[in-house]
Amino acid sequence: MFSGYSLPELGAIITMQGFAGLILFSVFVLMALGLAIIFGQMGVINMAHGEFMILGAYVTYLVSNAFAAYMPALFGAYFFVAMVLAFCASGLLGMIVEWAMIRHLYKRPLDTLLATWGLSLILQQTFRSLFGAREVGVTIPQWMMGSLPVTDLIEIPINGIFVMVLALGISAAVYVMMYRSAWGRQVRAVTQNRVMAGAVGIDTERTDRMTFGIGCGVAGVAGAAFTMIGSTGPTSGQAYIVDTFLVVVFGGAASLLGTIASAFSISQAQSILEFFLSGSMAKVITLLVVVGILMLRPQGLFAMKLRK
Amino acid sequence: MTKTSFLTRSEAVGLAILALIIFVAFPVMLDDFRLNLFGKYLSYAFVAIGLVLCWGAGGILSLGQGVFFGLGGYCMAMFLKLEASTPEATAIQSTPGIPDFMDWNQISALPIWWQPFNSFAFTLIAIFVVPAAFAFVIGYAMFRRRVSGVYFAIITQAIAAIATILIVGQQGYTGGVNGITDLRTLMGWDIRPDGAKTVLYFVNAILLFGCLVVAMAIRKSKFGRVLVAMRDAEDRVRFSGYDVASFKIFIFCVGAMMAAVGGAMFTLQVGFMSPTIVGIVPSIEMVIFCAVGGRHSLMGAVYGALLVNWAKTTFSESFPELWLFGLGALFIAVVMAFPNGLAGLFDDYIKPRLRGWRQTPATAPQPAE
């Protein structure tokens, strides 16, 4: 299998493949963070999560076009504006959805699943009507193009590094929000004991709405980040939804660290297998192993100790 | 518990009306093409009936029913494909006698797991046994560990995703994205002409009624009552000494077998089987057939499958843009506005009025038309 490659070439291949795995890891982390908040903390299955990401991606597309048309001088900075707007757009839509739909269904998780699937179909068709069925790509700012030559053989694309940095930054931000802020404490209090949290004066309805909104907002930012490494179509979100849920469940739903660890192991396994097998078989084997482990250990890798 | 007859009067009337619609009204009113289309819808009703048992009665929501539907369908399709791939019919291939897609993928001998499908008896058994065995493995692993609710839903959905990727990826063995196409005869009997399709429609309808009666018997039995009790208060049932996991595994296997029969009939009537019927999207659509009909109503499931599929064909023919909006709204409405589906609407609005006209039940409005 390795014959025909010299040793430095082999090293370069492994490094590049490992780096591809790291980019996939960042993508998984970005996708899963919002879901880790919504599903992990609130226990709500949001099947439209992918569509909230795609909304963020389309917002980025619109912003980049607007910058290109009206402020070409500032084009290099459009992404940061887009990221904020994507967060606001997805977050706002998330809060509206929570108000109109989710809050009536907290007691019926399986029904939430079906209702949000319906929402995802409606959003998909909306995207298709507004932006067309074809995938759109954004122009990457100049400073993000090209790649860093590390050695003669190893080159690392800058947009990949950027997405990784972004994933780390957003993970840190979510961590601080969840575990170091008053809001995070309230969220965790409400999930652990809703009645008691209400009794000590937490506005549980408002907390729910904020949590759902922020989870969706993070999805929007993830969508914005995706535009840097791929194009966006109306059904792109649906392609991610199974992976994302598996990442969150595999990590142990309520654990942020678990989500990151599982994103890492799944992405590395998949990209390493991809080198040896065809892409589809790599994916099948990875998913099968994950499902298999989940059957043996349903609580996921990192589970909160609960008495059942 | 009082001793009751197998069917109550209203159930018998309901079954009779459904039989009239399926056996008399459709064949009389529809042309051959439409009748075949409705036969296809009815093959989905098998899945919906299985889901009523699993989800409505047992509280187990599987988002992977498409896999079982597909397993049944693929078993049948493999048999039909082997029959169609005689050495004479495939003489132009580099290896005559194997299915055409294998030849295109440079496979020179029939894989060993395809060979038993030369036998029709084996195929018929496989249609029941393969999905049931698969469901047993999934159910055993998960229910023994008390995985239920949304976790079960997500994992079954992942299995549907894996199945699709696997079928598409291994195109030399499965026909890939196109699936197994160009099916011609069943034991020498051509399934393509209109006459054959009409016969298949009736076979399908009879099997569907068989399934319906089996499902009703399960619902009426002590087993069915335990199932409902389990859905409503699993711990109490467990503490009363019942082995909850075994009940769940059994009903999940029954649901899988029903889906597989539907899949096999689908293949016979439509003439192909492909991964587009196995994946995440079709699997979750099968849940909506059941939800629209009423998740607790077995007969509702048949109406739900008919109505949603009919609407899908009609709307996606004339307003393709609107159909996804409609389907999405249907998902939301069926959860938020009428969680008991058509059967619930029937019980709430039509049944009370029906009492007034008890003398003429023959003109009773039907739940779905």
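Small disclaimer: the values here were computed from a predicted structure and weren't measured.

Novice: Provide a residue-level description of the overall build of chain B, including the pertinent values.
Specialist: Looking only at helices and strands, chain B features 15 helices and two strands. Here chain B has a C-alpha radius of gyration of 21 Å; the compact-globule value for 369 residues is 21 Å, and the two agree. In terms of overall dimensions, chain B has a C-alpha envelope of 70 × 50 × 45 Å along the principal axes. In chain B, buried positions account for 46% of the 369 residues.

Novice: Mind laying out the overall build of chain A, listing which residues take part and the relevant values?
Specialist: Within chain A, the secondary structure is distributed over 11 helices and two strands. Going from the N terminus to the C terminus, chain A shows its helices and strands as α-α-α-α-β-β-α-α-α-α-α-α-α. Taken over the C-alpha atoms alone, chain A extends approximately 65 × 55 × 35 Å along its principal axes. When each of the 308 residues of chain A is scored for burial, the buried share is 49%. Contacts in chain A between residues far apart in sequence, at least 24 positions, make up 77% of those at least 6 positions apart.

Novice: Describe the nonpolar core, and please don't skip the residues or the numbers.
Specialist: Grouped together as the largest cluster of nonpolar side chains are 207 residues, with contacts concentrated most on B:A45, B:A48, B:I49 and B:A301. In terms of residue count, helix 1 (residues 7–42) of chain A provides more of this core than any other element does, 18 residues in total. Setting aside residues up to four positions removed in sequence, B:I49 forms contacts with B:C211, B:L212, B:A215, B:M258, B:L298 and B:A301.

Novice: Give me the lowdown on the packing of helix 5 (residues 158–180) of chain A against helix 6 (residues 182–192) of chain A, citing residues and values where you can.
Specialist: Residues and elements named next belong to chain A. Running from N to C, helix 5 and helix 6 point in directions that differ by 65°, and their axes come no closer than 5 Å. On the basis of the axis angle, helix 5 is roughly perpendicular to helix 6. In this structure, helix 5 uses M177, M178, Y179 and R180 to contact helix 6, whose residues at the interface are W183, G184 and V187. When its residues are assigned to classes, the contact of helix 5 with helix 6 shows five nonpolar, one polar and one charged.

Novice: Can you tell me about the UniProt feature "transmembrane region" (unreviewed entry) in chain A, naming the residues and giving the values?
Specialist: Residues and elements named next belong to chain A. UniProt feature "transmembrane region" (unreviewed entry): in the numbering of this structure it lies at residues 12–40, 52–71, 77–101, 153–178, 212–233, 239–263 and 275–296. Measuring from the first to the last C-alpha atom of residues 77–101 gives 36 Å, for a span that is 92% helix and 0% strand. The span residues 212–233 is 68% helical and 0% strand by assignment, and the distance between its end C-alpha atoms comes to 24 Å.

Novice: Go over the UniProt feature "transmembrane region" (unreviewed entry) in chain B with me, naming the residues and quoting the values.
Specialist: Residue and element names in this part refer to chain B. The UniProt record marks residues 12–30, 42–64, 120–143, 150–169, 199–218, 239–266 and 322–346 with the feature "transmembrane region" (unreviewed entry), using the residue numbering of this structure. As annotated, residues 120–143 comprises 100% helix and 0% strand, and the C-alpha atoms at either end are separated by 34 Å. Annotated as 84% helix and 0% strand, the span residues 322–346 places its first and last C-alpha atoms 27 Å apart.

Novice: Break down helix 6 (residues 149–169) of chain B for me, with residues and values.
Specialist: An ideal rise of 1.5 Å per residue puts 30 Å on 21 residues; helix 6 of chain B measures up with 30 Å between its terminal C-alpha atoms. The buried count for helix 6 of chain B comes to 20 of 21 residues, which makes it a mostly enclosed element.

Novice: Tell me about the packing of helix 2 (residues 49–70) of chain A against helix 8 (residues 204–226) of chain A, and name the residues and values.
Specialist: Two quantities define a packed helix pair, namely the angle between the helix axes and the distance between the axes. Residues and elements named next belong to chain A. For the pair helix 2 and helix 8, interaxial distance at closest approach is 6 Å and the crossing angle is 55°. As far as their axial angle goes, helix 8 and helix 2 are oblique. You can see that helix 2 and helix 8 cross each other, and the crossing is right-handed. Across the interface between the two elements, H49, F52, M53, I54, L55, G56, A57, V59 and T60 of helix 2 pack against C216, A219, G220, V221, A222, G223, A224 and F226 of helix 8. Along the lines of polarity and charge, the residues of the contact of helix 2 with helix 8 split into 12 nonpolar, five polar and no charged.

Novice: With reference to specific residues and values, describe the interface of chain A and chain B.
Specialist: Taken together, the 33 residues of chain A in the interface contact 36 residues of chain B. For the side of chain A that touches chain B, the secondary structure elements donating two or more residues are helix 4 (109–131), helix 9 (236–251) and helix 11 (279–296) of chain A. Top element by residues in the side of chain A that touches chain B is helix 4 of chain A. It accounts for 14 residues. Of the residues assigned to the side of chain A that touches chain B, the class counts are 24 nonpolar, seven polar and two charged.

Novice: Describe helix 5 of chain A, listing the residues and the values that go with them.
Specialist: Residue and element names in this part refer to chain A. Between the first and last C-alpha of helix 5 there are 32 Å, a value that for 23 residues agrees with the 33 Å anticipated at 1.5 Å per step. When we look at burial in helix 5, the residues that qualify are G160, V163, M164, L166, A167, I170, S171, V174 and M178. Looking at the packing, one finds that the buried side of helix 5 touches helix 1, strand 2 (155–157), helix 6, helix 8 and helix 10 (256–276).

Novice: Can you explain unusual backbone geometry? Please cite residues and give values.
Specialist: Residues and elements named next belong to chain B. Look at Q106: it is not a glycine, yet its phi comes out positive at around 60°. When you line up the elements, Q106 lands in the loop between helix 4 (100–104) and helix 5 (120–144). With a phi angle near 60°, R146 is a residue other than glycine that sits in the positive phi range. Residue position: R146 is located in the loop between helix 5 and helix 6. Given 14 C-beta atoms within 10 Å, R146 falls into the partly exposed group.

Novice: A description of the confidence of the model for chain B should follow, citing residues and the corresponding values.
Specialist: Low pLDDT marks regions whose predicted coordinates should not be analysed in detail. Residues and elements named next belong to chain B. Averaged over all residues, the pLDDT of chain B equals 88, while 95% of them reach at least 70. Here residues 361–365 scores under 50 on pLDDT; set against residues more than four positions off or in separate chains, the count is three contacts. Here the predicted complex carries an ipTM of 0.86, next to a pTM of 0.89.

Novice: Please give an account of the environment of B:G241 that cites residues and values.
Specialist: Residue and element names in this part refer to chain B. Tracing the backbone through its elements, the reader meets G241 in the loop between helix 10 (234–239) and helix 11 (244–270). Residue classification places G241 among the exposed residues on the basis of 6 C-beta atoms within 10 Å. Each C-alpha atom, one on G241 and one on L51, is 26 Å from the other, the two residues being 190 residues apart in sequence.

Novice: Run through the environment of B:I249, naming residues and quoting values.
Specialist: All names here are of chain B. On the secondary structure map, I249 appears in helix 11. According to the C-beta neighbour criterion, I249 is buried, with 22 such atoms within 10 Å. For the pair formed by I249 and V137, sequence separation is 112 residues and the distance between their alpha carbons is 8.9 Å.

About the thresholds
- Residues numbered from 1 in each chain as written.
- Chains lettered and ligands numbered in written order.
- Predicted model: local features only at pLDDT ≥ 70, side-chain atom pairs only at ≥ 80, totals over all residues.
- Helix = DSSP H or I, 4+ residues; strand = E, 2+ residues; numbered from the N terminus.
- Rg over C-alpha atoms; globule rule 2.2 N^0.38 Å.
- Buried ≥ 20, exposed ≤ 12 C-beta atoms within 10 Å, placed from the backbone.
- Contact = placed C-beta atoms within 7 Å.
- Core = buried A, V, L, I, M, F, W, Y, C linked by C-beta atoms within 7 Å.
- Axes fitted to C-alpha atoms, helices over the stretch in contact; angles between N-to-C directions.
- Parallel < 35°, antiparallel > 145°, perpendicular 65-115°, else oblique.
- Nonpolar A, V, L, I, M, F, W, Y, C, P; charged D, E, K, R; others polar.
- UniProt positions renumbered as here; feature names shortened; annotations may be inferred.
- Expected span 1.5 Å × (residues − 1).
- Left-handed = near helix turned anticlockwise from the far one by under 90°.
- pLDDT = per-residue confidence, 0-100.

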